[in-house]
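# Structural characterization, general
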Amino acid sequence: GQSLEQPSEVTAVEGAIVQINCTYQTSGFYGLSWYQQHDGGAPTFLSYNALDGLEETGRFSSFLSRSDSYGYLLLQELQMKDSASYFCAVNGAAGNKLTFGGGTRVLVKP
Amino acid sequence: GAVVSQHPSRVICKSGTSVKIECRSLDFQATTMFWYRQFPKQSLMLMATSNEGSKATYEQGVEKDKFLINHASLTLSTLTVTSAHPEDSSFYICSARDTSRLAKNIQYFGAGTRLSVL
């Protein structure tokens, strides 16, 4: 089976930095993806790591350590519009299905 | 990024009726599409993998006779909720991979369909 663990909720102020950790246990692994979802909306792709290391995309960065089965999403210079749920998801071995973590609800306060 | 269109965005139906949801890849071909279900404040649960030209692969516990999937072309997959009941009310989301891109494992999502069964 596959399981992913991430914190359920994080609160921070505008301009701050937030790190969302994700640990996973999977039977197969091709990569770790991160998605943002605003209430009532569709998941939007943020970042993808197939190899160890840091991927930087603007204010958002994602890190992966395959040996530790661990990754994180770093949100910098937080803005009010970043209030949303963030999901980590593993691409497993079978047909590139995505298995999602439970999601982390980020609340940005003024 | 690649664009996936999902229609309708919202549907309200009576118990016992069937509802069809369409998922289209607008600027790429998708041999594989995925259907998810999401309850409020919960994660996305994969229901099935839709394969162009062949039968869908359903996840454990998903009734294939209730959730009919058809993937007749490289740009269109449909999910039909048959004989819908109030417990089928949920947010249904499709996704597709653009295998022509370098990052083949990225999935792009439709806007979702909120189904309410009365």
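Refer to the structure printed above.
Residues numbered from 1 in each chain as written. Chains lettered and ligands numbered in written order. Predicted model: local features only at pLDDT ≥ 70, side-chain atom pairs only at ≥ 80, totals over all residues. Heavy atoms only, no water.

### Thoughts on the pairing of strand β8 (residues 70–75) of chain A
The two faces of the sheet receive side chains in turn, since in a regular strand these alternate between them. Burial analysis of β8 of chain A places five of its six residues in the buried class, the great majority of the element. The antiparallel pairing of strand β7 (residues 60–65) of chain A with β8 of chain A creates a hairpin that spans four residues between the two strands, and Ser-69 of chain A there sits at a positive phi of about 50°. (Buried < 20%, exposed > 50% of the residue type's maximum accessible area, 1.4 Å probe, protein only. Helix = DSSP H or I, 4+ residues; strand = E, 2+ residues; numbered from the N terminus. Pairing = 2+ DSSP bridges.)

### Regarding the sheet that holds β7 of chain A
All names here are of chain A. Taken in spatial order, the five strands make up an open sheet running β1-β3-β8-β7-β6, and their pairing is antiparallel. Across the chains shown, the open sheet's two edge strands, defined by having one partner strand only, are β1 (3–5) and β6 (53–57). Looking at each pair of strands side by side, their axes are set apart by 20° on average, direction ignored. Here β6 pairs with β7 via five bridges, running antiparallel. Bridged to Leu-54 within β7 is Phe-63. (Axes fitted to C-alpha atoms, helices over the stretch in contact; angles between N-to-C directions.)

### A short note on the packing of aromatic side chains
Aromatic ring pairs are reported here in terms of the distance separating the ring centres and the angle at which the planes meet. This structure, assessed with the given rule, holds 14 aromatic pairs over all chains. Ring centres 5.8 Å apart and planes at 70° place the aromatic pair Tyr-35 of chain A and Phe-45 of chain A in the edge-to-face group. Of the two residues, Tyr-35 of chain A sits in strand β4 (residues 31–37) while Phe-45 of chain A sits in strand β5 (residues 44–49), which places them ten residues apart along the sequence. The exposure class of Tyr-35 of chain A is buried, given its relative accessible area of 0%. According to the relative accessible area criterion, Phe-45 of chain A is partly exposed, its value standing at 24%. Taken together, the aromatic side chains of Tyr-35, Phe-45, Phe-87 and Phe-100 of chain A together with Tyr-36, Tyr-108 and Phe-109 of chain B make up a single cluster linked through ring pairs. (Phe/Tyr/Trp six-rings, centres within 6.5 Å; stacked < 30°, edge-to-face > 60°.)

### Some remarks on the sheet that holds strand β7 (residues 67–73) of chain B
Residues and elements named next belong to chain B. Strands sit in the order β1-β3-β8-β7 across an open sheet of four strands; the sheet is antiparallel. Edge positions in the sheet fall to β1 (4–7) and β7, since each of these pairs with one other strand and no more. Averaged over neighbouring strand pairs, the angle between their axes works out to 15° when direction is ignored. Judged from the six bridges that link them, strand β3 (residues 19–25) and strand β8 (residues 76–81) form a sheet pairing that is antiparallel. Opposite Lys-20, over in β8, you have Thr-80 as the bridge partner.

### Some thoughts on the side chain of Asn-51 of chain B
Residue and element names in this part refer to chain B. Relative to the helices and strands, Asn-51 is located in strand β5 (residues 44–51). In this structure Asn-51 comes out as buried when scored by relative accessible area, which is 18%. Here the side chain of Asn-51 touches Thr-57 through a polar contact of 3.5 Å, side chain to side chain. If near-sequence neighbours (up to four positions away) are discounted, Asn-51 is found in contact with Thr-31, Thr-32, Ala-56, Thr-57 and His-71. (Polar contact = N/O pair within 3.5 Å; in protein donor to acceptor, adjacent residues only side chain to side chain. Contact = heavy atoms within 4.5 Å.)

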